[in-house]
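Structural features, examined
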Amino acid sequence: MNESSKKPIVEILDSMKELNAEIKNIKNDISYIKQKIKERVIHEKMMDEKMKDECVIETSSWWWN
């Protein structure tokens with residue numbers, strides 16, 4: 001292989017390394033977003049339960065007073 005035929009291969013390898021790094025960053029970003037969504041869903045469920053509990057307490061106290 002002469003020097004001119006190695007150059008495209010090196011460029012392709014460099015591009016692949018860059019793409020792999022970008023893919024890794026995207027995967028990390030997706031994992032972060034998924035984690036934040038899970039936290040938000042858990043928070044929303046907790047708030048819903050809290051509101052239901054408060055509603056039951058308010059309804060009970062209204063009914064018995």
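Refer to the structure above for everything that follows.
Residues numbered from 1 in each chain as written. Predicted model: local features only at pLDDT ≥ 70, side-chain atom pairs only at ≥ 80, totals over all residues. Heavy atoms only, no water.

What follows concerns the overall build of the protein. Within the protein one finds one helix and zero strands. Taken across its 65 residues, the protein has 0% of its residues classed as buried. For the protein, the accessible surface area stands at approximately 6600 Å², while carbon and sulfur atoms represent 62% of it. (Helix = DSSP H or I, 4+ residues; strand = E, 2+ residues; numbered from the N terminus. Buried < 20%, exposed > 50% of the residue type's maximum accessible area, 1.4 Å probe, protein only. Areas by Shrake-Rupley, 256 points an atom, 1.4 Å probe, with all protein chains shown as cover.)

Residues E11, D14, E18 and E22 make up a contiguous surface patch of negative charge. By relative accessible area, which is 52% here, E18 ends up exposed. (Patch = residues over 30% accessible without salt bridge, like charges linked within 9 Å, V, L, I, M, F, W, Y side chains within 5 Å. Salt bridge = Lys/Arg side-chain N within 4 Å of Asp/Glu carboxyl O. Lys, Arg positive; Asp, Glu negative; His and termini not counted. Charge placed at Lys NZ, Arg CZ, Asp CG, Glu CD.)

Before going further, it helps to spend a moment on the pattern of salt bridges. In the structure shown here, the tally under the stated rule is two salt bridges. A salt bridge links K36 to E39; its shortest N-O distance comes to 3.4 Å. With K36 and E39 both in helix α1 (residues 3-64) and three residues apart, the pair spans about one turn of that helix. You can call K36 partly exposed: its relative accessible area is 39%. We classify E39 as partly exposed; its relative accessible area is 38%. Between R40 and E44 there is a salt bridge, with the nearest N and O atoms lying 3.1 Å from each other. With R40 and E44 both in helix α1 and four residues apart, this pair spans about one turn of that helix. Assessed through its relative accessible area of 34%, E44 is described here as partly exposed.

A word on a nonpolar patch on the surface. Nonpolar side chains collect at one region of the surface, where I9, I12, L13 and M16 lie side by side and expose about 370 Å² of accessible area between them. Secondary-structure assignment places L13 in helix α1. Judged by its relative accessible area of 45%, L13 is partly exposed.

Just geometry here; none of it tells us what the structure is for.
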